[in-house]
Amino acid sequence: METHPTTSLLPHLDEEELAALAQDIEENGLLQHIVLDPQGRILDGRGRLAACRLAGVEPTFLTYEQDNADAYVLSVNLRRRNLTKSQTAMITVRVRSLEEQDGRSPREQTARSLGEQLGVATAVMGRASTVLQYAPDLVDPVINGAIGLNEAYAKAQENKAKANSAEVQLAKLREEDPELANRVAEGELSLAGAWAERRERVEEEKRQRRVATHLLCEILPSLAQVRGTRTFALYDPDLAPPGRAVTREVIEHAASALAEAASVWAERDLP
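Rules used in this analysis
- Residues numbered from 1 in each chain as written.
- Predicted model: local features only at pLDDT ≥ 70, side-chain atom pairs only at ≥ 80, totals over all residues.
- Heavy atoms only, no water.
- Helix = DSSP H or I, 4+ residues; strand = E, 2+ residues; numbered from the N terminus.
- Rg over C-alpha atoms; globule rule 2.2 N^0.38 Å.
- Buried < 20%, exposed > 50% of the residue type's maximum accessible area, 1.4 Å probe, protein only.
- Contact = heavy atoms within 4.5 Å.
- Areas by Shrake-Rupley, 256 points an atom, 1.4 Å probe, with all protein chains shown as cover.
- Lys, Arg positive; Asp, Glu negative; His and termini not counted.
- Charge placed at Lys NZ, Arg CZ, Asp CG, Glu CD.
- Phe/Tyr/Trp six-rings, centres within 6.5 Å; stacked < 30°, edge-to-face > 60°.
- Patch = residues over 30% accessible without salt bridge, like charges linked within 9 Å, V, L, I, M, F, W, Y side chains within 5 Å.
- Salt bridge = Lys/Arg side-chain N within 4 Å of Asp/Glu carboxyl O.
- Arc of directions from axis to C-beta.
- pLDDT = per-residue confidence, 0-100.
- Core = buried A, V, L, I, M, F, W, Y, C linked by side-chain atoms within 4.5 Å.
- Pairing = 2+ DSSP bridges.
- Axes fitted to C-alpha atoms, helices over the stretch in contact; angles between N-to-C directions.
- Left-handed = near helix turned anticlockwise from the far one by under 90°.
- Nonpolar A, V, L, I, M, F, W, Y, C, P; charged D, E, K, R; others polar.

S.K.: Which residues make up the overall build of the protein chain, and what are the values?
M.R.: Secondary structure assignment for the protein chain yields 12 helices and 3 strands. Here the protein chain has a C-alpha radius of gyration of 38 Å; the compact-globule value for 271 residues is 18 Å, and the former is much larger. Dimensions along the principal axes, computed over C-alpha positions, put the protein chain at roughly 125 × 35 × 35 Å. Taken over 271 residues, the protein chain has a buried fraction of 30%. At a minimum sequence separation of 6, the contacts of the protein chain that also span at least 24 residues come to 62%. Counting only carbon and sulfur atoms, one obtains 52% of the accessible surface of the protein chain, whose full area is about 17,600 Å². Within the protein chain, one finds 32 positive and 43 negative side-chain charges whose respective centroids are separated by 6 Å.

S.K.: Explain the environment of Val264 to me, using residue names and the numbers behind them.
M.R.: In this fold, Val264 is placed in helix α12 (residues 248–267). Classification of Val264 by relative accessible area gives partly exposed; the value is 30%.

S.K.: Help me get a handle on the packing of aromatic side chains, residues and values and all.
M.R.: Applying the stated criterion across every chain yields a total of 1 aromatic pair. Pairing Tyr64 with Tyr72 gives two aromatic rings, centres 4.2 Å apart and planes at 20 degrees, and the pair type is stacked. Take Tyr64 and Tyr72: they sit in the same class, and that class is buried.

S.K.: Which residues make up a nonpolar patch on the surface, and what values do they have?
M.R.: A surface patch of nonpolar side chains, about 330 Å² in accessible area, is lined by Tyr235, Val246, Val250 and Ile251. For Val250, the position within the fold is in helix α12. Taking the relative accessible area as the measure of exposure, Val250 reaches 38% and is therefore partly exposed.

S.K.: Quick one: what's the story with helix α10 (residues 178–185), residue by residue and with numbers?
M.R.: When we look at burial in α10, the residues that qualify are Leu180, Ala181, Arg183 and Val184. The buried residues of α10 occupy an angular sector of 160 degrees when the element is viewed end-on, so they sit on one face. Of the surrounding secondary structure, the elements contacted by the buried residues of α10 are α9 (149–176) and α11 (191–225).

S.K.: I'd like a description of the confidence of the model for the protein chain, backed by residues and values.
M.R.: Per-residue pLDDT for the protein chain averages 87, and the proportion of residues at 70 or more is 92%. Within the protein chain, helix α6 (residues 114–117) has the poorest average pLDDT of any element, 63, and α12 the best, 95.

S.K.: Please set out the nonpolar core residue by residue, giving values where relevant.
M.R.: In terms of nonpolar packing, the biggest core is built from 30 residues, with Leu43, Met90, Ile91, Val131 and Leu149 touching the most fellow members. Listing elements by their share of this core, those giving two or more residues are α4 (69–80), α5 (85–102), α7 (122–134), α8 (139–144) and α9. Sorting elements by how many residues they give to this core places α5 first, with 6 residues. The residues touching Ile91, leaving out its near neighbours within four places in the chain, are Leu9, Leu10, Pro11, Leu74, Leu78, Leu83 and Ile143.

S.K.: Give me the lowdown on the sheet that holds strand β2 (residues 42–44), citing residues and values where you can.
M.R.: On the basis of which strands lie adjacent, the open sheet formed by 3 strands has the order β2-β1-β3 and mixed pairing. Both outer strands of the open sheet, β2 and β3 (61–63), are each paired with one neighbouring strand and no more. Neighbour-to-neighbour, the strand axes of this sheet turn through a mean angle of 40 degrees, independent of strand direction. Here 3 bridges tie strand β1 (residues 34–36) to β3, and the two strands are oriented parallel to one another.

S.K.: Please give an account of the packing of α9 against α11 that cites residues and values.
M.R.: Contact geometry for α9 and α11: axes closest at 11 Å, N-to-C directions at 35 degrees. Crossing geometry of α9 relative to α11 is assigned as left-handed. Where α9 approaches α11, its residues Ala166, Gln169, Leu170, Lys172, Leu173 and Glu176 are matched on the opposing element by Leu191, Ala194, Trp195 and Arg198. Across the contact of α9 with α11, the residue classes tally to 6 nonpolar, 1 polar and 3 charged.

S.K.: So what's going on with unusual backbone geometry? Residues and values would help.
M.R.: You will see that Asp269, though not glycine, has its phi angle at about 55 degrees, which is positive. Tracing the sequence through the fold places Asp269 in the segment after α12.

What follows is the structure, encoded as structure tokens:
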């Protein structure tokens, strides 16, 4: 039989508990009906149904007709089962999450207050919520008692710190290099890989600036020094180094380059 989603969150009876329940049912019969929701899903009595099958006893059923099934499941099970406060808190916040994901009506969301009703401190509920958000793979182990809530919470805190750090790093990358940040967001690059590429780009930009600066510092001051002298009149094409002769085209390109330099210097407000 199908089980209600909230009931599915509850830990199963272990073999010893199930065997003891089956023996009791075999000797005394099924004293509590198995409760179903209107869709025929098990709300309460999953263990009793398994025990009936083990004992060879025909189970009996009744249907829960009200619309607060989540609250009913938690109320009857968390009070009856021998669960720790940590398990109770984890189950409760998980149910709350399912309610919000499914868009349940406010009347159905009465499970929100069960933590207080069951005597679970607000701080414990908060730790469980942090685990659900930042270490979801540890939710079931906490519910099943495989690990404690405090241990899971410590891991969730580590994951939260890493997530916050990653968000900051991605925001910084977006400011410096939007193209790389978009590749990270699309899953094409890891954040670490993007920053490695960013550093390579920065180093290449520095190299290009260094080369360009040295080239301009060699050419322009020398050109400025010949202004107003007879240097241009003394030019002899026959004495020009191979491949470096000055022609009218070269002069036109040089004039264009100087105009471009003047424009850039003005834009950058350089001296």
